[in-house]
Amino acid sequence: MSESPKQKSTGGFILTLIIVMGLLFIGGSMLLGVLAGLIVPSVVIMEYKTDRAEVPANVDAIKVAQLAYDAAFDGYVSIPTPHPRAIDDLDREAVLWTVDAEGFETLAWGPDGPVRGTYWVEVSPDGEDFTVHGMIDADGDEVPAHYVATPNESAHALTGPNVY
């Protein structure tokens, strides 16, 4: 008994459809892999940039606190020790800000919550100028980003744009 031509073409069509679907699945999977390879690093870098944005904001806020203190008491507050942790202890984790921070309580300044960076203030020997410093290692590579502000300059990076 022989098959009708109609049955042969249906079988061939289904086989062709299965092959095409398989190729589309494999190609789609490869495309998704390529897209993920492009998107994931971008998302990670955006996370680093978001974490790093804490530092210039806090450096500018400390600068404003210094200027307000100077207006009220005619002087700047030196805060020589990085707070809340040493530069060598920086990593990706946020830490609590302690209220007994040397000098920061005099300025009446503290962040709204845990911080990833560390901060300190250098006052010139003549007491007429200051530099606020902030550092962060948002990507944990042991190369921290460093921001500074002075009475006449807002926070700006001393390190390159790709240092997190």
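Up top is the structure these notes are about.
Residues numbered from 1 in each chain as written. Predicted model: local features only at pLDDT ≥ 70, side-chain atom pairs only at ≥ 80, totals over all residues. Heavy atoms only, no water.

Visitor: Honestly, the pattern of salt bridges in this entry has me stumped. Any pointers?
Guide: Two side chains carrying opposite charge are able to pair once their charged atoms lie near each other. Under the counting rule described, the total for this entry stands at four salt bridges. The closest approach of N and O atoms between R92 and D51, which form a salt bridge, is 4.0 Å. Within this pair, whereas R92 is found in the loop between strand 1 (79–83) and helix 3 (104–107), its partner D51 is found in helix 1 (residues 5–52), the two being separated by 41 residues in sequence. According to the relative accessible area criterion, D51 is buried, its value standing at 11%. (Salt bridge = Lys/Arg side-chain N within 4 Å of Asp/Glu carboxyl O. Helix = DSSP H or I, 4+ residues; strand = E, 2+ residues; numbered from the N terminus. Buried < 20%, exposed > 50% of the residue type's maximum accessible area, 1.4 Å probe, protein only.)

Visitor: For this particular structure, what's the right way to read the nonpolar core?
Guide: Considering soluble globular proteins, one finds that nonpolar side chains tend to be buried as a cluster. Ranked by internal contacts, the top residues of the largest apolar core, which has 26 residues, are V59, I62, W97, F104, L107, W109 and Y119. Those elements that provide at least two residues to this core are helix 2 (54–73), helix 3, strand 2 (118–123), strand 3 (130–136) and strand 4 (145–150). Looking at this core, the element that brings in the most residues is helix 2, giving five residues. Setting aside residues up to four positions removed in sequence, F104 forms contacts with I62, I79, H83, W97, W109, Y119 and W120. (Core = buried A, V, L, I, M, F, W, Y, C linked by side-chain atoms within 4.5 Å. Contact = heavy atoms within 4.5 Å.)

Visitor: What am I meant to see in the environment of V95 here?
Guide: Of note, V95 is situated in the loop between strand 1 and helix 3. For the pair formed by V95 and G117, sequence separation is 22 residues and the distance between their alpha carbons is 8.6 Å. Setting aside chain neighbours within four positions, we find V95 in contact with P84, R85, P114 and V115.

Visitor: Can you help me understand a negative patch on the surface in this one?
Guide: On the surface, a cluster of negative charge is contributed by D74, D126, E128 and D129. Locating D126 in the fold gives a position in the loop between strand 2 and strand 3. (Patch = residues over 30% accessible without salt bridge, like charges linked within 9 Å, V, L, I, M, F, W, Y side chains within 5 Å. Areas by Shrake-Rupley, 256 points an atom, 1.4 Å probe, with all protein chains shown as cover. Lys, Arg positive; Asp, Glu negative; His and termini not counted. Charge placed at Lys NZ, Arg CZ, Asp CG, Glu CD.)

Visitor: Whenever I open this one, unusual backbone geometry confuses me. Can you help?
Guide: The phi torsion of most residues other than glycine is negative, and most of the peptide bonds are trans. Cis peptide bonds are those with omega within 30 degrees of zero, and the linkage from H83 to P84 qualifies with 15°. Tracing the backbone shows P84 in the loop between strand 1 and helix 3. With phi around 55°, D74 is a residue other than glycine that occupies positive phi space. Exposure remark for D74: the relative accessible area of 70% places this residue in the exposed category.

Visitor: How do you make sense of the sheet that holds strand 2 when you look at a structure like this?
Guide: Strands belonging to one sheet form pairs held by backbone hydrogen bonds; the direction of such a pair is parallel or antiparallel. The antiparallel open sheet is built from five strands, whose spatial order is 1-2-3-4-5. On the outer flanks of this sheet lie strand 1 and strand 5 (153–157), each paired with one strand and no other. With strand direction ignored, the average angle separating the axes of adjacent strands in the sheet is 15°. Two elements, strand 1 and strand 2, share two bridges in a ladder whose sense is antiparallel. (Pairing = 2+ DSSP bridges. Axes fitted to C-alpha atoms, helices over the stretch in contact; angles between N-to-C directions.)

Visitor: How do you make sense of the environment of D129 when you look at a structure like this?
Guide: Summarising the element assignment, D129 is placed in the loop between strand 2 and strand 3. Take D129: its relative accessible area is 35%, and that puts it in the partly exposed class. C-alpha of D129 to C-alpha of P151: the two residues are 22 residues apart in sequence and 7.0 Å apart in space.

Visitor: Please clarify how the side chain of T150 should be interpreted in this entry.
Guide: Tracing the sequence through the fold places T150 in strand 4. Accessibility expressed as a relative area gives 15% for T150, which makes it buried. With sequence-adjacent residues up to four places away left out, T150 is seen in contact with K63, F130 and T131.

Visitor: Help me understand helix 2, please; the structure alone is not making it clear to me.
Guide: Because each turn of an α-helix spans 3.6 residues, side chains separated by three or four positions in sequence point in the same direction. Along its 20 residues, helix 2 runs 28 Å from first to last C-alpha, staying within 8% of the 28 Å computed at 1.5 Å per residue. Following helix 2 by one or two positions, D74 has its phi on the positive side, about 55°. (Expected span 1.5 Å × (residues − 1).)

Visitor: In this structure, what is going on with the pairing of strand 4? I would like to understand it.
Guide: Within a regular beta strand, the side chains point alternately toward one face of the sheet and then the other, so they alternate between its two faces. A large share of strand 4 lies buried, amounting to six of its six residues. Here strand 4 shows two buried faces, one formed by A145, Y147 and A149 and the other by H146, V148 and T150. Where strand 3 and strand 4 come together, five bridges link them in antiparallel fashion. Looking across to strand 4, one finds that G134 is bridged to Y147.

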